[in-house]
Amino acid sequence: MAGKVAAPVAELTGPLAVLKEKFSEALSPGEFEGAVIKNENLVEVAKFMRDDLGYDYLSSVTGVDYPAANEVEVVYHAYSARHGLHNGKPLVFKARAPRDNSVVPSLVSVWPGADFQEREAWDLMGIKFEGHPNLRRILMWEGFAGHPLRKDWHEAYFEQDNKPFDSRWPGGHHTRAEDRVPLADNVAFPPGFDPTDFNSQAETTLVERARSVDVSELGQLVSSDGNGSGSGNGHIADAIQTDHLIVNLGPQHPSTHGVFRMVITLEGETILKLEPVMGYLHRNHEKIGERNTFIQNMPFTDRLDYIASMSNNLGYALAVEKLMKVTPPERAEYIRILMVELTRICNHMWAIGFLLNDLGAFFTPALYAIEERELVLDLFEAASGSRMMCNYMRFGGVARDLPEGWIEKCRDLVFNRLPKATDDLDHFLSENEIIRARCEGVGNLTAEQAVAYSAAGPLLRASGVPYDVRRAEPYSIYDRFDFDVAVRYHGDVYDRYLIRLDEIRQSIRILQQALDQMPGGGEIQAGKKQYQTRVPAGQAYGRVDGPKGELGFYVVSDGNPNPYRYHIRAPSFINLTALGEMCKGQKIADVVIILGSIDIVLGETDR
Amino acid sequence: MYGSGIIKGLGVTLKHFVATYIEDLRYVLKGGRYTDQAMPVRQGPRARGVFTVQYPEERLPVPENFRYIPFLVFDTQKNEDKCTSCGICAKVCPPQCIWIVRTNDPKTNRPVPQPAEFYIDATVCMSCGLCAEFCPFDAIKMDHDYELSSFERFNNLVFDKARLTKPDTYHAQIHPTDWAREQAEIAEKAAKDAEKAAAAAAKKAAAAKPADAPKPADAPKPAA
């Protein structure tokens, strides 16, 4: 196919062979490890995958644009989370549609977790998902013209398709983008559009959606909790003329951890419906990523989940290493493990501290938690040069070796300080009556729901699903360490708090083993370090269990110095799919802690 | 018991409060509360009491690897820029904030290994350090000076060559380990060159110039 990488068509084996047997007509092998499924059979095949093959967890949905073939493609990665089948390997399948009429059936009915991801693919790639209950833009604003991840879409201040830009060298006189491309001749309006007459329908739609509450559910929601306004004498709305109140929380709100907005429909104080609105921090990270060369993306990944930049680095490095088929040397692997596990501790300290903030314990507990984080950041700074924007991993290794004395400092922290700090947090917080009263039984998410909504990380594991990528599909050298997958079973805010403590303890265990096993010296980079990485054509999905959940990087290379497609499966974003469900029937006062217990970072949510 | 959580919490705060003054006293007796000797301990894993410093009166030392906006190294011994304007930094720069004008020899019109102009737009630079990491000549390094606030956005924050250039003595001072490695590499190379030259002289090879001249910057091939 023109514009695509010619690779040998893979044989259909394993679960794919089973599928082929059942749906022979619908499946065709692709030039990747998976199958292309005909659109008319997609839903049926997906149901079979979920129910009969055990792929109950849809990890990633994204689109790829192939203008040369006049085609768009939707790529799905499904895993088996509750059943733990197929060795943790994904089932990769694709659906294809022509570019100018790109309609693909929606899989929200099979995996509700596809909801936000399909909306994102519609928003950024312009793929219509037929049957999606709410196919509106999610990251861009309603009224935005075009779909920015299409290859022929150009941003304001567009200079060139790929970096490095020709204007920088050898005749690089400094110019500013603002001067170079005046906004006036860089903005195109769709035909017949008058900007002075623009009236966004977005707010109207939101309010309309907020008003349209399913009344049949209403009585059940309000009376299900003991103190609901409708308890006692049946449903209050039956007796008195009442109206629902629509409350808009955010985007500028101190408790939303960034610019994030929730439109909430209330019956008294009980939430009937909650709709998250996001994209305020959207910068089209993926488009920037496709302009960048492979190595240039590394510092950009720091800016996704800026609390956990080392994990982001590792996820991206793993995806590209899969394509390059390189393995980092032993010492680099251990350094990576140290860094990402320290990151997890950092992140969970932060999450716990700010959950307490959300609970009303204003900043005193948070500062104790942040103190531990500061010590870890000191280590990051000494090794990588920056506290948060680490930019430390490279393809096949790490940027630089650890400085002298680093290991000793790390040992001191990991063996002497962090275990005690974690115990302290546990001692002071876990049995605190306010915390227990506010958190227990709030924001429930059952195991079935968690898996269906593609929740990941602590959110999933606190609901009783012991699914951890480090164990399910071990990457790097996680198979060498003795650790437990933390799991809690109530799926409420309290368990999500406890599981973070559990995970910190497991991380400390891993760190202690890694520090003991780590080779004293040796190479930290496989092969020669190159400023322009040659990445063979192909596609890879690298995923790590980041502190927020499963962080995946889907990278397509066509052999050029720039990735052809660069997609991030952002756990902060996808975990929000379940937010509406978790808040249903809860009190408005608890929204803030339910959101806090998911632990989102808007840099990653909005990308 | 109701209220026990609050009492426990207040106890922690009180302990912390008292520890701060005990620590302060200890370090005052040792010669200063926030000296370079005190800071690593007071901010380290064995810290007790208050953890914060009163910036800008007190500052934390930055580690050697700390990176902020790059600078160009000026070789004070040879009295020339180390930069050869090979353009690798401009090509690897993720936000593309490096602009280089190459010098051409006026007679032959062939490039001379000296930059005519060199700009870094500090408003765009993300301080990732890739330029310093991939520079084959150790000519661009990351700075430790992080106080760049300015009232003028464009006039003061687009750094030109004059503003960017700093002597190698400064580099040696802030990056002692890195400097030692560079010096060792130079010494090793000089020893090898001398050895080669001696061997060549002994053999009386026909070519007057052995292959000891350092290869010019691998002019990177344009992306295929």
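Right above here is the structure, for reference.
I will try to describe carefully the structure that is included in this document.

Observations regarding the side chain of Ser311(A)
Residues and elements named next belong to chain A.
Logical step 1: Position of serine 311 relative to the elements: it lies in helix 10 (residues 309–324).
Logical step 2: The class for serine 311 is buried, based on a relative accessible area of 4%.
Logical step 3: Not counting chain neighbours up to four residues away, the residues in contact with serine 311 comprise Val340, Thr343, Val544, Gly546, Pro547 and Leu551.

Structural notes on unusual backbone geometry
Residues and elements named next belong to chain A.
Logical step 1: A cis amide bond links lysine 163 with the next residue in sequence, proline 164, at an omega value of -5°.
Logical step 2: Along the chain, proline 164 turns up in the loop between strand 7 (128–130) and helix 4 (177–180).
Logical step 3: Look at the link from tryptophan 169 to proline 170: it is a cis peptide, with omega at 0°.
Logical step 4: Structurally, proline 170 is set in the loop between strand 7 and helix 4.
Logical step 5: If you check the backbone angles, phenylalanine 363 has positive phi at about 70° while not being a glycine.
Logical step 6: Inspection of the secondary structure puts phenylalanine 363 in the loop between helix 11 (330–359) and helix 12 (364–384).
Logical step 7: In this structure phenylalanine 363 comes out as partly exposed when scored by relative accessible area, which is 29%.
Logical step 8: For serine 476, which is not a glycine, the phi torsion comes out positive at approximately 50°.
Logical step 9: As for its placement among the helices and strands, serine 476 is situated in the loop between helix 17 (469–472) and helix 18 (493–517).

With respect to the interface of chain A and chain B
Logical step 1: On the side of chain B, 50 residues touch chain A, which itself brings 54 residues to the contact.
Logical step 2: When the two sides are added together, the surface that chain A and chain B hide from each other amounts to roughly 4500 Å², 56% of it contributed by carbon and sulfur.
Logical step 3: Between the two partners, chain A and chain B, sit three salt bridges.
Logical step 4: Across the salt bridge formed by Arg46(B) and Asp412(A), the nearest N and O atoms sit 2.8 Å from each other.
Logical step 5: Here chain A and chain B share 25 residue pairs in polar contact (both at pLDDT 80 or more) between them.

Overview of the packing of aromatic side chains
Logical step 1: Within this structure, the stated rule accounts for 23 aromatic pairs over all chains.
Logical step 2: Measuring from centroid to centroid gives 5.9 Å for Phe66(B) and Tyr146(B), while their planes differ by 80°, and the two rings are edge-to-face. In this pair, Phe66(B) sits in the loop between helix 2 (38–42) and strand 1 (68–75) while Tyr146(B) sits in the loop between strand 5 (140–143) and helix 5 (153–157), placing the two residues 80 residues apart along the sequence.
Logical step 3: Judged by relative accessible area, Phe66(B) falls into the buried class, the value being 11%.
Logical step 4: Here the aromatic cluster, defined as three or more aromatic residues joined through ring pairs, consists of Tyr334(A), Tyr475(A), Tyr478(A), Phe481(A) and Phe483(A).
Logical step 5: Lys151(A) extends its terminal NZ or CZ atom over the ring of Tyr564(A), reaching a point 4.3 Å from the ring centre.
Logical step 6: A cation over a ring is seen here: Arg471(A) above Phe483(A), with NZ or CZ 4.4 Å from the ring centre.

Concerning the packing of helix 11 of chain A against helix 12 of chain A
Two packed helices can be described by the angle between their axes and the distance between those axes.
Residues and elements named next belong to chain A.
Logical step 1: Running from N to C, helix 11 and helix 12 cross one another at 155°; their axes reach a closest spacing of 8 Å. Classified by the angle their axes make, helix 11 and helix 12 are roughly antiparallel. The crossing of helix 11 and helix 12 is left-handed. Between helix 11 and helix 12, the residues in contact are Met339, Leu342, Thr343, Cys346, Met349, Trp350, Gly353, Phe354, Leu356 and Asn357 and Pro365, Ala366, Ala369, Ile370, Glu372, Arg373, Val376, Leu377, Leu379, Phe380 and Ala383, respectively.
Logical step 2: Residues belonging to the contact of helix 11 with helix 12 are distributed by class as follows: 16 nonpolar, three polar and two charged.

Section: the packing of helix 10 of chain A against helix 11 of chain A
Residues and elements named next belong to chain A.
Logical step 1: Between helix 10 and helix 11, the shortest axis-to-axis distance is 8 Å and the interhelical angle comes to 135°. As judged from the angle between their axes, helix 10 and helix 11 are oblique. For the pair formed by helix 10 and helix 11, the contact residues are Met310, Ser311, Leu314, Ala317, Leu318 and Glu321 on the first element and Arg336, Met339, Val340 and Thr343 on the second.
Logical step 2: Looking at the contact of helix 10 with helix 11 residue by residue, the class counts come to six nonpolar, two polar and two charged.

So, helix 8 (residues 176–203) of chain B
Logical step 1: With 28 residues, helix 8 of chain B should reach 40 Å at 1.5 Å per residue; the first-to-last C-alpha distance of 40 Å fits that figure.
Logical step 2: In the segment just after helix 8 of chain B, Lys204(B) is the residue with positive phi, at about 55°.

What to know about the pattern of salt bridges
Residues and elements named next belong to chain A.
Logical step 1: Inspection of the entire model under this criterion finds 67 salt bridges over all chains.
Logical step 2: Across the pair glutamate 431 and arginine 436 runs a salt bridge whose closest N-O atoms are separated by 2.8 Å.
Logical step 3: Of the residues examined, arginine 436 reaches a relative accessible area of 28% and is grouped as partly exposed.
Logical step 4: Through salt bridges with shared partners, a single network forms among Glu341, Arg344, Arg461, Asp468, Arg470, Glu503 and Asp545.

Analysis parameters
- Residues numbered from 1 in each chain as written.
- Chains lettered and ligands numbered in written order.
- Predicted model: local features only at pLDDT ≥ 70, side-chain atom pairs only at ≥ 80, totals over all residues.
- Heavy atoms only, no water.
- Helix = DSSP H or I, 4+ residues; strand = E, 2+ residues; numbered from the N terminus.
- Buried < 20%, exposed > 50% of the residue type's maximum accessible area, 1.4 Å probe, protein only.
- Contact = heavy atoms within 4.5 Å.
- Buried area = accessible area lost by both parts, 1.4 Å probe.
- Salt bridge = Lys/Arg side-chain N within 4 Å of Asp/Glu carboxyl O.
- Polar contact = N/O pair within 3.5 Å; in protein donor to acceptor, adjacent residues only side chain to side chain.
- Phe/Tyr/Trp six-rings, centres within 6.5 Å; stacked < 30°, edge-to-face > 60°.
- Lys NZ or Arg CZ within 6 Å of the ring centre and 35° of its normal.
- Axes fitted to C-alpha atoms, helices over the stretch in contact; angles between N-to-C directions.
- Parallel < 35°, antiparallel > 145°, perpendicular 65-115°, else oblique.
- Left-handed = near helix turned anticlockwise from the far one by under 90°.
- Nonpolar A, V, L, I, M, F, W, Y, C, P; charged D, E, K, R; others polar.
- Expected span 1.5 Å × (residues − 1).

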